[in-house]
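Structural description and commentary
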Amino acid sequence: MADFTIEAGETALVVMDKKTKREDMVEECVRKGTELVQAIAVSLFNLPSTEDIDGPLVKLPPPTMKLPREKHLPKPKPPTKWELFAKAKGIKKQKKDKVVWDEQTSTWKRRYGYDRVNDDEDIPIIEAKMTDEPGEDPFSKRKAEKKKRVKKQEKNRLQNLKQAAKAGALPSHIQLAATALPITGTQAAPKKVAKDELGNVAGLAATATASGGKFDKKLPGEKPVKKQGKHRKFLPVVESSGMGRQEKEQTDKVLSKIISQNSHEILNIDKAVSKYTVKKEKNRKNQQWKSSTPQAS
Amino acid sequence: MLKAKTPKKGRIKRELEKRAPKLVETGKKTLILQGTKMSRVLNAVLADLYHLKRESAIRYTRKNDNIRPFESGGESSLEFFSQKTDCSIFLYGSTSKKRPDNLVIGRTYDHHIYDLVEVGVENFKPISSFTYDKKVAPHVGSKPFIAFLGEGFESVDELKHLKEVLLDLLRGEVVENLNLTGLDRAYVCTAVSSNRVFLTHCAIRLKKSGTIVPHVELVEVGPSMDLVARRHRLPNESLRKEAMKTAKDRPKKKIKNVSADAIQGKVGKIYIPDQKIGDMALPNKSKGVKRERREAKMKNGNKERASKKQKEDSE
């Protein structure tokens, strides 16, 4: 029905002052609404109508007011390979019956499906031809050929669907499950994987194994797994001879670091003592020099 | 590996085909849902609106706290529901201190948010509070008359938008043929002020008059409420253009090769492309007739005879 709009004139409402009660306003609205509806009904009933069982049926004119669609416009699907070929050759579709007369059993049989006419698998005897090699099973050969034909047809069907998906006109009940094809309307650009990303993929998968991918069989040329995260170094549990006392060294390192950071607070006793003695010496020397000078008053 | 996932059952396939985009669209389904806090009034509003749109609406009764239509992140849940239920209009009701009795009417395009209108509901009167003769009660799913009163609908931006959204919401099915006896409801929307719209639903009683056109009488039956326009979000231009496209308006093509002559009338030239004789399929394929075969035989004829003679000798 957005289908039928008429301009019934500008109905300017009476200016509402606060005194008018709500019921009066409602009444006014309904009255004015009736006028508008009457106007539409006049034009509606004057349209040419056909008599139907329930009542007069009217064909509405095309809509004037446009409202937004809820889904995008469907794109026309590209013709399939067979359709193109048929068009080029001028082949037209022939209407086929569901049942066909079978000469052998003298009955009407289905064209396809269970118990069909000319079933390839039902033939009990196959006559040998001159071109046949001995030791070859014609029945299994037929089965193999049928499988090949079915496979080829499936491949062609998928190719047709792929073409349709490329044009954006995939039939609604089919989803193509492939890495590069998105399922719904929006076309997301297929992401190109960079070289280092590809190299890291094997490493990422390796984290799933219990040993972290250390003993996985590697392909020739594959680099060892790059460790991600913090790099830590652990001391051996048992120290072999020849190695210095690594643990002692480690703890010494830590200690000296702490001391150097807080050195302005900590007193270096030896240094302090030596400073003091030096100062004292100096003072004593000065005094001696002073005292050694003649006491000339 | 390229695989095509097709539904195994025919019913699912038919259902999916119903949801596929169509050239000419027939009607939008409405989704009615609510937020974290609801008031009694708003609950009644949603229930009545669901009753009005019975066949073409889906009502969710649980509260959804992650839906915030006007915020950028809060729309994903709505879009998911729209996809799941195939609904392109939604009514989201919620209450807060700042926005009491809040109703957000939104539309989607391709299951993404297209536009939003937020209104506050005041002076709501439910269906049950109206007394009327039950015989005139409108049937479910009948086409309504929609009347807009007041110049506010032409001048004020928000009301213009609200008018469009209300039309979409109350429209019902889009049909070509209409049965005139089945017209029994009317919605009257009045722009009382520049931000307030009075909406009421009436049943139509047709009375006999002298002419073909019957006399129309409106009886208030359904819910009536005041809608106070609060916020709204218009669609951006490119999206609006795309959504408004119809199948009929194609760019008018210039007709080439046609010229009008005074004497002969409409004149056009027929260009016949070169015949690709090599590609054509001949109907009668008699083996001996083919020239290539003949020529080949003539060339090799002597050689073959010579070799055959040799075989016979060896035997």
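Residues numbered from 1 in each chain as written. Chains lettered and ligands numbered in written order. Predicted model: local features only at pLDDT ≥ 70, side-chain atom pairs only at ≥ 80, totals over all residues. Heavy atoms only, no water.

Counting its secondary structure elements, chain A contains six helices and five strands. Along chain A, helices and strands appear, N-terminal first, in the series α-β-β-α-β-β-α-β-α-α-α. Burial analysis of chain A (297 residues in total) assigns 15% to the buried set. Across chain A, every contact between residues at least 6 apart in sequence was considered, and the portion connecting residues at least 24 apart equals 30%. Counting only carbon and sulfur atoms, one obtains 57% of the accessible surface of chain A, whose full area is about 26,200 Å². (Helix = DSSP H or I, 4+ residues; strand = E, 2+ residues; numbered from the N terminus. Buried < 20%, exposed > 50% of the residue type's maximum accessible area, 1.4 Å probe, protein only. Contact = heavy atoms within 4.5 Å. Areas by Shrake-Rupley, 256 points an atom, 1.4 Å probe, with all protein chains shown as cover.)

With that out of the way, let us pick up the overall build of chain B. Secondary structure assignment for chain B yields seven helices and 13 strands. Here chain B holds 315 residues, and the buried ones make up 41% of them. A fraction of 65% describes how many contacts in chain B between residues 6 or more apart in sequence connect residues 24 or more apart. Within the structure as shown, chain B displays about 20,500 Å² of accessible surface, and the carbon and sulfur contribution to it stands at 51%.

Here we come to the state of the cysteines. What the rule picks out here adds up to zero disulfides over all chains. Residue C29(A) stays outside any disulfide, its sulfur separated by 9.7 Å from that of C202(B), the closest cysteine. (Disulfide = S-S within 2.5 Å.)

Residue and element names in this part refer to chain B. Here strand β2 (residues 30–34) pairs with strand β3 (residues 57–63) via four bridges, running parallel. Among the inter-strand pairings, T30 is bridged to a residue of β3, identified as A57. Following the backbone out of β2, through helix α2 (residues 40–52) and into the adjacent parallel β3, one traces a crossover that is right-handed. (Pairing = 2+ DSSP bridges. Right-handed = clockwise from strand over helix to strand, strands pointing away.)

Okay, the packing of aromatic side chains next. On inspection of all chains with the given rule, the structure shows five aromatic pairs over all chains. When the centroid spacing of 5.5 Å and the interplanar angle of 70° are considered together, the rings of W101(A) and W108(A) count as edge-to-face. Judged by relative accessible area, which is 38%, W101(A) ranks as partly exposed. Taking 5.0 Å as the distance between ring centres and 80° as the angle between the ring planes, the aromatic pair formed by F148(B) and F153(B) counts as edge-to-face. In this structure, F148(B) and F153(B) share a single accessibility class: buried. In this arrangement the basic side chain of K134(B) is found over the ring face of Y132(B), its NZ or CZ atom lying 4.6 Å from the centre. Across from the ring centre of F70(B), 4.2 Å away, lies the NZ or CZ of R231(B), which sits over that ring. (Phe/Tyr/Trp six-rings, centres within 6.5 Å; stacked < 30°, edge-to-face > 60°. Lys NZ or Arg CZ within 6 Å of the ring centre and 35° of its normal.)

A separate point is the pairing of strand β2 (residues 56–59) of chain A. Bridge count for strand β1 (residues 49–51) of chain A against β2(A) is three bridges, and the pairing is antiparallel. Along β2(A), the bridge assignment pairs S49(A) with V58(A). Looking at chain direction, β2(A) and strand β8 (residues 177–179) of chain B are connected through three bridges and run antiparallel. Of the residues in β8(B), the one forming a bridge with L57(A) is N179(B).

Quick look at the pattern of salt bridges now. All names here are of chain B. Evaluated as defined, the whole model comprises 27 salt bridges over all chains. Here D168 ties to R107 by a salt bridge, and the two come within 2.8 Å at their closest N and O atoms. With D168 in helix α5 (residues 157–170) and R107 in strand β5 (residues 102–109), this pair connects stretches of sequence that are 61 residues apart. Relative accessible area serves as the criterion here: at 4%, D168 is assigned to the buried category. Across the pair R196 and D226 runs a salt bridge, and its minimum N-O distance is 2.9 Å. One end of the pair, R196, is in strand β10 (residues 196–207); the other, D226, is in strand β11 (residues 215–233), and 30 residues separate them in sequence. Overlapping salt bridges, with partners in common, bring together K28, R107, D115, E164, D168 and R171 in one network. (Salt bridge = Lys/Arg side-chain N within 4 Å of Asp/Glu carboxyl O.)

Our focus in this paragraph is the sheet that holds β8(B). With antiparallel pairing, three strands are arranged side by side in an open sheet as β1(A)-β2(A)-β8(B). Each having just a single partner strand, β1 of chain A together with β8 of chain B make up the two edges of the open sheet. Strand after strand, the sheet turns through a mean of 30° between neighbouring axes, direction not considered. (Axes fitted to C-alpha atoms, helices over the stretch in contact; angles between N-to-C directions.)

This brings us to the nonpolar core. A general feature of soluble globular proteins is that nonpolar side chains tend to end up buried together. Residues L91(B), V121(B) and L227(B) are the most contacted members of the largest nonpolar core, which totals 32 residues. Looking at this core element by element, the count peaks at seven residues for α5(B). Apart from residues no more than four positions distant in its own chain, V121(B) is found in contact with L42(B), V45(B), D101(B), L103(B), M225(B), D226(B) and L227(B). One finds L36(A), F198(B), V213(B) and V216(B) within the second-largest nonpolar core, a separate group that totals 26 residues. (Core = buried A, V, L, I, M, F, W, Y, C linked by side-chain atoms within 4.5 Å.)

This part takes up helix α3 (residues 76–85) of chain B. Residue and element names in this part refer to chain B. Of the residues making up α3, those classed as buried are S77, L78, E79, F81, S82 and T85. Here the buried face of α3 lies against α1 (10–19), β2, β3, β4 (89–94), β5 and β6 (112–125). Looking one or two residues past α3, D86 carries a phi angle of roughly 60°, positive in sign.

What follows is about unusual backbone geometry. Residues and elements named next belong to chain A. A positive phi is found at S106, a non-glycine position, where the angle reads about 55°. Following the sequence through the fold, S106 ends up in the loop between β3 (99–102) and β4 (107–110). For D115, which is not glycine, the phi torsion reads 55° and is therefore positive. The topology assignment puts D115 in the loop between β4 and α3 (138–166).

Function cannot be inferred from these measures alone, as they are strictly geometric.
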